[in-house]
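These are the residues of each chain, in order.
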Amino acid sequence: MDWTHYRFRSLWALPLPPAAVYEVLERAEEYPRWWPQVREVTRLDDSSGVVVVRSVLPYDLRFTARETRRDPVAGVLEVSMSGDLDGWARWTVSAGPGGTLARYDQVVDVDKPLLRWLAVPGRPFFRANHRLMMRAGRRGLLAYLEAV
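Small disclaimer: the values here were computed from a predicted structure and weren't measured.

Peer 1: It is not clear to me how the pairing of strand 3 (residues 48-53) should be interpreted in this structure. Could you clarify?
Peer 2: Successive side chains on a regular strand alternate, one facing one side of the sheet and the next facing the other. For strand 3, the buried fraction is high: six of the six residues fall into the buried class. Alternating residues of strand 3 divide into Ser-48, Val-50 and Val-52 and Gly-49, Val-51 and Val-53, and every residue in both groups is buried. Bridge count for strand 2 (residues 38-45) against strand 3 is six bridges, and the pairing is antiparallel. Bridge pairing in strand 3 places Asp-45 opposite Ser-48.

And the structure:
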């Protein structure tokens, strides 16, 4: 088993129309407004940017995200990631019971030296850290969408 390889999936049920959710999710540079753990998004060009995230554990992850798919009809937003994380992440937004189901899938290898060194003993903490970040993201997105 490669202890630095992670596969995540989160499902966010949101009582809002899929188009509204997709519209907010496609504007990654605005994530820091509603997602506390997304500390910074700096656009490099029309399809890439540098992202800095930090959840509960005391470390930042910095990576470049490059858009690989943007399909509003299918409700898909996908990026490749390189830097402290190498891999990809994808949002799939669809109609769900009472509104929208936003599914987040991520497959990454951790390249940050400290996290690679702590890979085995830290793995449960890193996974919990990710769950807390995703939970806060859902709450933040819901509050943001309800306010606009």
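More follows now that the structure is in view.
Peer 1: Any chance you could explain the side chain of Ser-55 here in plain terms?
Peer 2: Tracing the sequence through the fold places Ser-55 in the loop between strand 3 and strand 4 (61-71). Under the relative-accessibility criterion, Ser-55 is labelled buried at 13%. Side-chain polar atoms of Ser-55 contact the backbone oxygen of Asn-129, separated by 3.2 Å. Residues in contact with Ser-55, not counting those within four places in the same chain, are Gln-37, Arg-39, Asn-129, Leu-132 and Met-133.

Peer 1: In this structure, what is going on with the packing of helix 1 (residues 18-25) against helix 4 (residues 119-147)? I would like to understand it.
Peer 2: To characterise two packed helices, one gives the angle between the axes of the helices and the distance between these axes. For the pair helix 1 and helix 4, interaxial distance at closest approach is 11 Å and the crossing angle is 115°. By the criterion of interaxial angle, the relationship of helix 1 to helix 4 is roughly perpendicular. Remark: the crossing between helix 1 and helix 4 carries right-handed chirality. For the pair helix 1 and helix 4, the contacting residues are Ala-20, Val-21, Val-24 and Leu-25 in the first and Leu-141, Tyr-144 and Leu-145 in the second. Along the lines of polarity and charge, the residues of the contact of helix 1 with helix 4 split into seven nonpolar, no polar and no charged.

Peer 1: Looking at this structure, how should I read the pairing of strand 5 (residues 76-83)?
Peer 2: Where strand 4 and strand 5 come together, eight bridges link them in antiparallel fashion. Bridge assignment links Ala-65 to a residue of strand 5, and that residue is Met-81. Following strand 4, the chain reverses through four residues before pairing antiparallel with strand 5; Gly-75 in that reversal takes a positive phi of roughly 75°. Looking at chain direction, strand 5 and strand 6 (residues 85-96) are connected through six bridges and run antiparallel. Following the sheet pairing, Leu-77 is matched in strand 6 by Trp-91.

Conventions and cut-offs
- Residues numbered from 1 in each chain as written.
- Predicted model: local features only at pLDDT ≥ 70, side-chain atom pairs only at ≥ 80, totals over all residues.
- Heavy atoms only, no water.
- Buried < 20%, exposed > 50% of the residue type's maximum accessible area, 1.4 Å probe, protein only.
- Helix = DSSP H or I, 4+ residues; strand = E, 2+ residues; numbered from the N terminus.
- Pairing = 2+ DSSP bridges.
- Polar contact = N/O pair within 3.5 Å; in protein donor to acceptor, adjacent residues only side chain to side chain.
- Contact = heavy atoms within 4.5 Å.
- Axes fitted to C-alpha atoms, helices over the stretch in contact; angles between N-to-C directions.
- Parallel < 35°, antiparallel > 145°, perpendicular 65-115°, else oblique.
- Left-handed = near helix turned anticlockwise from the far one by under 90°.
- Nonpolar A, V, L, I, M, F, W, Y, C, P; charged D, E, K, R; others polar.

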